[in-house]
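What follows is each chain in one-letter form.
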Amino acid sequence: MVLLLAIGWIGGIGPGRAAGTPPAGADGETEQVLLRLGGDEIVATTIAVPLARSFLERKGAHGIGIIPAPAPWTAEVSGRMGNGDRVSILVRATLTEEAFRLLAAGEIDIAMAGREPSPQEVGAMPMLGHQDDSNAAAAIARAAAVIAVHPGNPVETLSFRQLHGIYAGTVTDWAELGGRPGPIHALTRQAGSATRQLFDSVVLGSTPMATTVRQLASFEEMRSAVASDPDAIGYFVVSESLKKVRIIVGDDTKVSPPDSYQLSSGDYPLSQTLYLYRDPQGANTDVSAFFDQALAVSSQFTITSAGLSELGPSLILPSGERRGSGRYEELTRNALRVSTTIRFEDGKTVVDSAASHDLDLLARYLRMLQVRGDHLVHIAFSEGSGDPAADEQSSRQLGEIVATELRRRLVAPGDVVALGAQRPLVEDDTPVGRRINRRVETWIRP
């Protein structure tokens, strides 16, 4: 991943090559562009190129190389087939919203996205709305944004409320946070970035971002700015050479960057799902083959090697430092957690499309494992209302909904334990934060 980010691939905007169009090479030979991938910077700079390379290898290409590509492309992965023809895949790093526009316009074959499309984007290309349709979309990995500062900054921890103050402009000096006196130089991604939207929804909610926050076009620009400014703070998916700040929620410290347990379970609040989208009516058969490869077990190594987490149910075990005392610890001692967590929207008890999809995955996985009901426990949590009894009742309702839905999917549901607003993953100050906390975990006991 470090190698991928170090190569100076980013170019300006200009006309691109169409898939299947054979451009003239330096020696006059032709080259067939099999696929054009464009979109989210995280996908483009971590796994897109390795997946493209593997794709060409599986097609039988040899002598595969990675070179800078003409603008607006970021990189070109090319090789030679057995008959001597050169083939390539073009990769372009841009914003998720731009990727959806390019896909709708037919300028790329696959859109790499850091979020699901908005209603307006679905209106422009209705197939974007079918996340559950494998012909149109594929969720391929989970990434996490970590908070980082200059290595010389003495601040070790921040709460989400302190982050809110920094980016809302009400906390302006590092001395207010236990650091050395000096103005806080907060950095963010430009509007349209999927990670920016995630950060704003979790940290700021409806609060406007301060006009003093500097917006940057890429994570590389943000990394360079923080590395050169002792008073700067930013957020990154990849932040080597910078100091990671630990995020505190209540009395429980959440490690940033998250460990594999937090990333696999989605417990880390600043985590996002990464997607591939395509036009299922498109004529390019290589698109379907690329989707199949990206979802194959063989691609999981590529995903995890890039510091991302593969998706889909798995059994995970918390690290030793998360083992304490209390009701939750008693329930989960010597147990394994299923990584799929069911979440409910703020103030709602209906099973929306996302929860229904996750319930389908969870039920299929539990049936595959052939887990008996007396070995299952669903631990339910709510947001905090200030009334512990009401919170426990709310969480019990969520747990019972999951049990009922699993029973409908032919799974013995097991026990439901309601823990109310215990163990929040983030403050309840935003709708997204409340949704993150309104969750039901599934554990398998010995």
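Residues numbered from 1 in each chain as written. Predicted model: local features only at pLDDT ≥ 70, side-chain atom pairs only at ≥ 80, totals over all residues. Heavy atoms only, no water.

Student: Which parts of the structure should I look at to understand the packing of helix α13 (residues 353–369) against helix α14 (residues 388–408)?
Tutor: Relative orientation and spacing of two packed helices are given, respectively, by the angle between their axes and the distance between those axes. Following both chains from N to C, one finds α13 and α14 inclined at 60°, their axes separated by 10 Å at the closest point. On the basis of their axis angle, the class for α13 and α14 is oblique. The element α13 and its partner α14 pack so that their crossing is right-handed. Note on element contacts: α14 touches α13 through V402, E405 and L406, opposite L359, L362, A363 and L366. (Axes fitted to C-alpha atoms, helices over the stretch in contact; angles between N-to-C directions. Helix = DSSP H or I, 4+ residues; strand = E, 2+ residues; numbered from the N terminus. Parallel < 35°, antiparallel > 145°, perpendicular 65-115°, else oblique. Left-handed = near helix turned anticlockwise from the far one by under 90°. Contact = heavy atoms within 4.5 Å.)

Student: When you look at the confidence of the model for the chain in this model, what are you seeing that I'm missing?
Tutor: Any residue range with low pLDDT should be treated as having predicted coordinates unsuitable for detailed reading. The predicted model of the chain averages 88 in pLDDT, with 88% of residues at 70 or higher. Contacts from residues 1–26, a stretch scored under 50 in pLDDT, to residues over four places away or in other chains number 61 contacts. (pLDDT = per-residue confidence, 0-100.)

Student: How should I be thinking about the pattern of salt bridges in this particular structure?
Tutor: Once their charged atoms are close, side chains differing in charge can pair, the charge on each being opposite to the other. All told, the structure shown has 27 salt bridges when counted by the stated rule. Among the ionic pairs, R86 bridges to E31, the shortest N-O distance being 4.0 Å. Note that R86 is positioned in strand β4 (residues 86–94) and E31 in strand β1 (residues 31–40), a separation of 55 residues in sequence. Overall, the relative accessible area of 12% leaves E31 in the buried class. Between R92 and E98 there is a salt bridge whose closest N-O contact spans 4.0 Å. (Salt bridge = Lys/Arg side-chain N within 4 Å of Asp/Glu carboxyl O. Buried < 20%, exposed > 50% of the residue type's maximum accessible area, 1.4 Å probe, protein only.)

Student: Looking at this structure, how should I read the nonpolar core?
Tutor: Soluble globular proteins tend to pack their nonpolar side chains together in the buried interior. Among the nonpolar cores identified, the biggest contains 83 residues, and Y167, I233, L270 and L308 are the most heavily contacted of them. Among the nonpolar cores identified, the runner-up in size contains 19 residues, and L359, V371, L376 and V411 belong to it. (Core = buried A, V, L, I, M, F, W, Y, C linked by side-chain atoms within 4.5 Å.)

Student: Honestly, the pairing of strand β13 (residues 246–249) in this entry has me stumped. Any pointers?
Tutor: One face of the sheet, then the other: side chains in a regular strand alternate in exactly this way. Where burial is concerned, the two faces of β13 differ: the one with I247 and V249 is buried and the one with R246 and I248 is not. Sheet topology note: the strand β8 (residues 157–159)/β13 ladder contains three bridges and is parallel. Of the residues in β13, the one forming a bridge with T157 is R246. (Pairing = 2+ DSSP bridges.)

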